[in-house]
Amino acid sequence: MERTSTANDLTDRLRRRLESERREIEELTASELEGLAENSRRVARNALRTIERDTEEATGRMRELLAKAWQRPLIVGLSLWLGFFGGSWATMRWLSRSIQDRIERLAELDYDIYDARQTLAQMEVDTWGVALLEIEGERVVVLPAGTLEDPRFTWRGRPVVKLSNK
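Remember, it's a predicted structure, so these values are computed and weren't measured experimentally.

What counts, and where the lines are drawn
Residues numbered from 1 in each chain as written. Predicted model: local features only at pLDDT ≥ 70, side-chain atom pairs only at ≥ 80, totals over all residues. Heavy atoms only, no water. Helix = DSSP H or I, 4+ residues; strand = E, 2+ residues; numbered from the N terminus. Buried < 20%, exposed > 50% of the residue type's maximum accessible area, 1.4 Å probe, protein only. Contact = heavy atoms within 4.5 Å. Areas by Shrake-Rupley, 256 points an atom, 1.4 Å probe, with all protein chains shown as cover. Pairing = 2+ DSSP bridges. Axes fitted to C-alpha atoms, helices over the stretch in contact; angles between N-to-C directions. Phe/Tyr/Trp six-rings, centres within 6.5 Å; stacked < 30°, edge-to-face > 60°. Lys NZ or Arg CZ within 6 Å of the ring centre and 35° of its normal. Salt bridge = Lys/Arg side-chain N within 4 Å of Asp/Glu carboxyl O. Expected span 1.5 Å × (residues − 1). Patch = residues over 30% accessible without salt bridge, like charges linked within 9 Å, V, L, I, M, F, W, Y side chains within 5 Å. Lys, Arg positive; Asp, Glu negative; His and termini not counted. Charge placed at Lys NZ, Arg CZ, Asp CG, Glu CD.

S.K.: In this structure, what is going on with the overall build of the protein chain? I would like to understand it.
M.R.: Secondary structure summary: the protein chain contains two helices and four strands in total. Shown N-terminal to C-terminal, the secondary structure of the protein chain runs as helices and strands in the order α-α-β-β-β-β. Considered along the principal axes of its C-alpha atoms, the protein chain spans approximately 195 × 30 × 25 Å. Here the protein chain holds 166 residues, and 4% of them are scored as buried. Relative to all contacts within the protein chain whose residues are 6 or more apart in sequence, the contacts with residues 24 or more apart total 11%. Of the roughly 15,500 Å² of accessible surface on the protein chain, 58% is carried by carbon and sulfur atoms.

S.K.: Would you mind going over the sheet that holds strand β4 (residues 158-162) with me for this structure?
M.R.: In sheet architecture, strand pairing relies on hydrogen bonds along the backbone and comes in two forms, parallel and antiparallel. Ordered by their spatial adjacency, four strands build an open sheet running β1-β2-β4-β3, and the pairing between neighbours is antiparallel. Across the chains shown, the open sheet's two edge strands, defined by having one partner strand only, are β1 (131-135) and β3 (153-155). Within this sheet the neighbouring strands show an average axis-to-axis angle of 45 degrees, counted without direction. Here strand β2 (residues 138-142) pairs with β4 via three bridges, running antiparallel. Within the sheet, the bridge partner assigned to Val142 lies in β4 and is Val160.

S.K.: In this structure, what is going on with the pairing of β4? I would like to understand it.
M.R.: Here is the key point about a regular strand: its side chains alternate between the two faces of the sheet. As paired strands, β3 and β4 are joined by three bridges and run antiparallel to one another. For Trp155, the partnering residue across the bridge sits in β4 and is Arg158. Connecting the antiparallel pair β3 and β4 is a turn made up of two residues, with Arg156 showing a positive phi of about 55 degrees.

S.K.: How should unusual backbone geometry be read in this particular structure?
M.R.: A negative phi angle is the norm for most residues apart from glycine, just as the trans form is the norm for most peptide bonds. Located in the positive-phi region is Glu136, a residue other than glycine, with phi close to 50 degrees. Looking at where Glu136 falls in the secondary structure, it is placed in the loop between β1 and β2. Glu136 sits in the exposed class, given a relative accessible area of 78%. Even without being glycine, Arg156 reaches a positive phi, approximately 55 degrees. Tracing the backbone through its elements, the reader meets Arg156 in the loop between β3 and β4.

S.K.: Before we go on, may I ask you to explain the pairing of β1 in this structure?
M.R.: Where β1 meets β2, five bridges bridge the pair, whose relative direction is antiparallel. Within the sheet, the bridge partner assigned to Leu132 lies in β2 and is Val141. The antiparallel hairpin formed by β1 and β2 contains two residues in its connecting segment, where Glu136 sits at a positive phi of about 50 degrees.

S.K.: Would you explain the packing of aromatic side chains in this entry?
M.R.: The description of an aromatic ring pair rests on the distance of the ring centres and on the angle between the ring planes. Counted under the stated rule, the structure contains one aromatic pair. Plain terms: the ring middles of Trp81 and Phe85 are 5.3 Å apart, the flat faces sit at 10 degrees to each other, and that makes the pair stacked. You can see Trp81 and its partner Phe85 sitting in helix α2 (residues 71-126), four residues apart, about one turn around the helix. Its guanidinium or amino end placed over the ring of Phe153, Lys162 lies 4.1 Å from that ring's centre, counting from NZ or CZ.

S.K.: Can you walk me through the pattern of salt bridges in this structure?
M.R.: If the charged atoms of two oppositely charged side chains come close together, the side chains can form a pair. Applying the stated criterion to the full structure yields ten salt bridges. The closest approach of N and O atoms between Arg17 and Glu21, which form a salt bridge, is 3.7 Å. With a gap of four residues between them, Arg17 and Glu21 both fall in helix α1 (residues 7-69), about one helical turn apart. Here Arg17 falls in the exposed class, since its relative accessible area comes to 56%. Here Lys162 ties to Glu138 by a salt bridge, and the two come within 3.2 Å at their closest N and O atoms.

S.K.: What am I meant to see in α2 here?
M.R.: An α-helical turn contains 3.6 residues, so any two residues separated by three or four positions project in the same direction. Helix length check: α2, at 56 residues, gives a terminal C-alpha distance of 81 Å against a target of 82 Å (1.5 Å per residue), a fit within 8%. The positive-phi residue at the C-terminal boundary of α2 is Trp128, with phi of around 60 degrees.

S.K.: Explain a negative patch on the surface here, please?
M.R.: Residues Glu52, Asp54, Glu56 and Glu57 make up a contiguous surface patch of negative charge. With respect to the helices, strands and loops of the structure, Glu56 is situated in helix α1. Looking at Glu56, the relative accessible area reads 60%, which means it is exposed.

Have a look at this one:
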């Protein structure tokens, strides 16, 4: 059996062969594209996980920084407040103590003045209003008002008798 081929047979065989090679190439291409797509999805998923992890880490660090960032102004503010409050309190205590001391000293002085006036009044009673003074280098006796009718010298409206310097 001899087989002779014709141009149509050869064309058909070439068509079938080209068709089969085309299907094979398409299947290989589709298989490669599916593998490439799967690889691309895996790489994209890994990249997405890495990005999410890095973002969470950066967010965590940012939260820590923000948590610490408000502490410094708080500490500075509290320190300033305590300083102002403590300084004001200490100043007020010092001023109130100073005022209280002055009030007490004034009361003591008032009592001393009252006591001196009482003593002076008692001395005037005891000395009948006579006073010994030195006026411009001369010793004098100041008598109570109205004791001399026509005094030669007066001091503050009171008669004065000069004493000798011997």
